[in-house]
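Coordinate analysis (summary)
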Protein chains: 2
Amino acid sequence: MNDACELCGKVFDKAVWKNDLAYLIDASDEIFPCFLRLVCRRHVKEMSDLSVEEQEGFWRMLRAVEETIIRRLQAHKVNYAQFGNMVPHLHWHVIARWRDDAFFPESPWGRQQREADPEVSRSRLALKDEMLEELVCKLEEA
Amino acid sequence: MNDACELCGKVFDKAVWKNDLAYLIDASDEIFPCFLRLVCRRHVKEMSDLSVEEQEGFWRMLRAVEETIIRRLQAHKVNYAQFGNMVPHLHWHVIARWRDDAFFPESPWGRQQREADPEVSRSRLALKDEMLEELVCKLEEA
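Notes on the structure follow. Bear in mind the structure is a predicted one, so any value in this text is a computation, not a measurement. (Residues numbered from 1 in each chain as written. Chains lettered and ligands numbered in written order. Predicted model: local features only at pLDDT ≥ 70, side-chain atom pairs only at ≥ 80, totals over all residues. Heavy atoms only, no water.)

1. Considerations on the packing of aromatic side chains
Inspection of the entire model under this criterion finds 18 aromatic pairs over all chains. Ring geometry for Trp 59 of chain A against Trp 59 of chain B: centres 3.6 Å apart, planes inclined by 5 degrees, an arrangement best described as stacked. Remark: Trp 59 of chain B occurs in helix H2 (residues 52–73) and Trp 59 of chain A occurs in helix H2 (residues 52–73); the pair is interchain, linking two chains. A single burial state applies to Trp 59 of chain A and to Trp 59 of chain B, both of which are buried. Taken together, the aromatic side chains of Phe 32, Phe 35, Phe 83, Phe 103 and Trp 109 of chain A together with Phe 32, Phe 35, Phe 83, Phe 103 and Trp 109 of chain B make up a single cluster linked through ring pairs. (Phe/Tyr/Trp six-rings, centres within 6.5 Å; stacked < 30°, edge-to-face > 60°. Helix = DSSP H or I, 4+ residues; strand = E, 2+ residues; numbered from the N terminus. Buried < 20%, exposed > 50% of the residue type's maximum accessible area, 1.4 Å probe, protein only.)

Structure, rendered in structure tokens:
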């Protein structure tokens, strides 16, 4: 834990799930109805600051997230990003994308293309909540 | 191979290196002096369209890229992204970031923050070229 780090202090309470290695955070909203984060518990900056075994643990968790998103949400694409330029504490974003979403085909860090349809967003947010229950079970096995 | 896919037809000639699973593409320029891509050889959309063994091969290659960037380029951060919204053919971007680069701390898909210093860019591009020689050896072992 690093007292100066925004993520070290903040993520614990908001975690949907956790294991020894990572917290799962649900950062979804109307714009991105399935926007998940896997945040490393330890304060490290890069994947290679982890042991190879820990890195493999991250990949298995990311695989469980992707597979569950694809199976449950009928998303058109899954997006991954790991930047950490602003908050240099290792965290992965995994985002479900649909062709009619507010930013498609731009990345979530690009320009918004259209307004999100509130009804579609609500329905996808509900599906995401259901999906999270299955995902937590999958992550326990990952 | 998918005839309608931009990546299927394009990447082969520009590859710095390849194995059975992926091409390594050097997409660096003055703005991002080390911007690399690992493009899947097969036309698939998502990581989970690959076998678990193939996915593990991708992770090992990504690890080799990150480790070599960190060791050789004194980069302040390594950025990963896998979107594929515009070209739905699996490819990973791995980008070395420096605090004084043109977009830092924004993602490479965000807003440019400043002009790149041409001299600094030239020096980093030269270091990146040297690094690629080592990286190709590392990838052979990955």
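Still more ground to cover, so stick around.
2. Looking at a negative patch on the surface
On the surface, Glu 53 and Glu 56 of chain A together with Glu 53 and Glu 56 of chain B cluster together into a negatively charged patch. Every element with two or more residues in the negative patch is listed here: H2 of chain A together with H2 of chain B. Among the residues examined, Glu 53 of chain B registers a relative accessible area of 63% and is labelled exposed. (Patch = residues over 30% accessible without salt bridge, like charges linked within 9 Å, V, L, I, M, F, W, Y side chains within 5 Å. Areas by Shrake-Rupley, 256 points an atom, 1.4 Å probe, with all protein chains shown as cover. Salt bridge = Lys/Arg side-chain N within 4 Å of Asp/Glu carboxyl O. Lys, Arg positive; Asp, Glu negative; His and termini not counted. Charge placed at Lys NZ, Arg CZ, Asp CG, Glu CD.)

3. Comments concerning the pattern of salt bridges
Evaluated as defined, the whole model comprises 18 salt bridges over all chains. In this structure, Arg 124 of chain A and Asp 100 of chain A form a salt bridge, with 3.0 Å as the shortest nitrogen-oxygen distance. Residue Arg 124 of chain A is located in helix H3 (residues 118–141), and its partner Asp 100 of chain A is located in the loop between strand E5 (91–97) and H3; the two are separated by 24 residues in the primary sequence. A relative accessible area of 15% places Arg 124 of chain A in the buried class. Since its relative accessible area comes to 41%, Asp 100 of chain A is described here as partly exposed. Of the charged contacts, one joins Arg 72 of chain B and Glu 134 of chain B as a salt bridge, the two residues approaching to 2.4 Å between their closest N and O atoms. Here Arg 72 of chain B, found in helix H2, pairs with Glu 134 of chain B, found in helix H3 (residues 118–141); they are 62 residues apart in sequence, far enough to count as distant. On the accessibility criterion, Arg 72 of chain B (26% relative accessible area) is partly exposed. One continuous salt-bridge network, built from bridges that share partners, spans Arg 71, Arg 72, Glu 130 and Glu 134 of chain A.

4. With respect to the environment of Tyr 80 of chain A
Inspection of the secondary structure assignment puts Tyr 80 of chain A in strand E4 (residues 77–82). When its relative accessible area of 0% is taken as the criterion, Tyr 80 of chain A is described as buried. With 44 residues separating them along the chain, Tyr 80 of chain A and Leu 36 of chain A place their C-alpha atoms 9.8 Å apart. Ignoring sequence-local partners within four residues, the contact set of Tyr 80 of chain A consists of Leu 62, Glu 66, Trp 92, His 93 and Val 94 of chain A together with Met 47, Tyr 80, Ala 81, Gln 82, Phe 83 and Trp 92 of chain B. (Contact = heavy atoms within 4.5 Å.)

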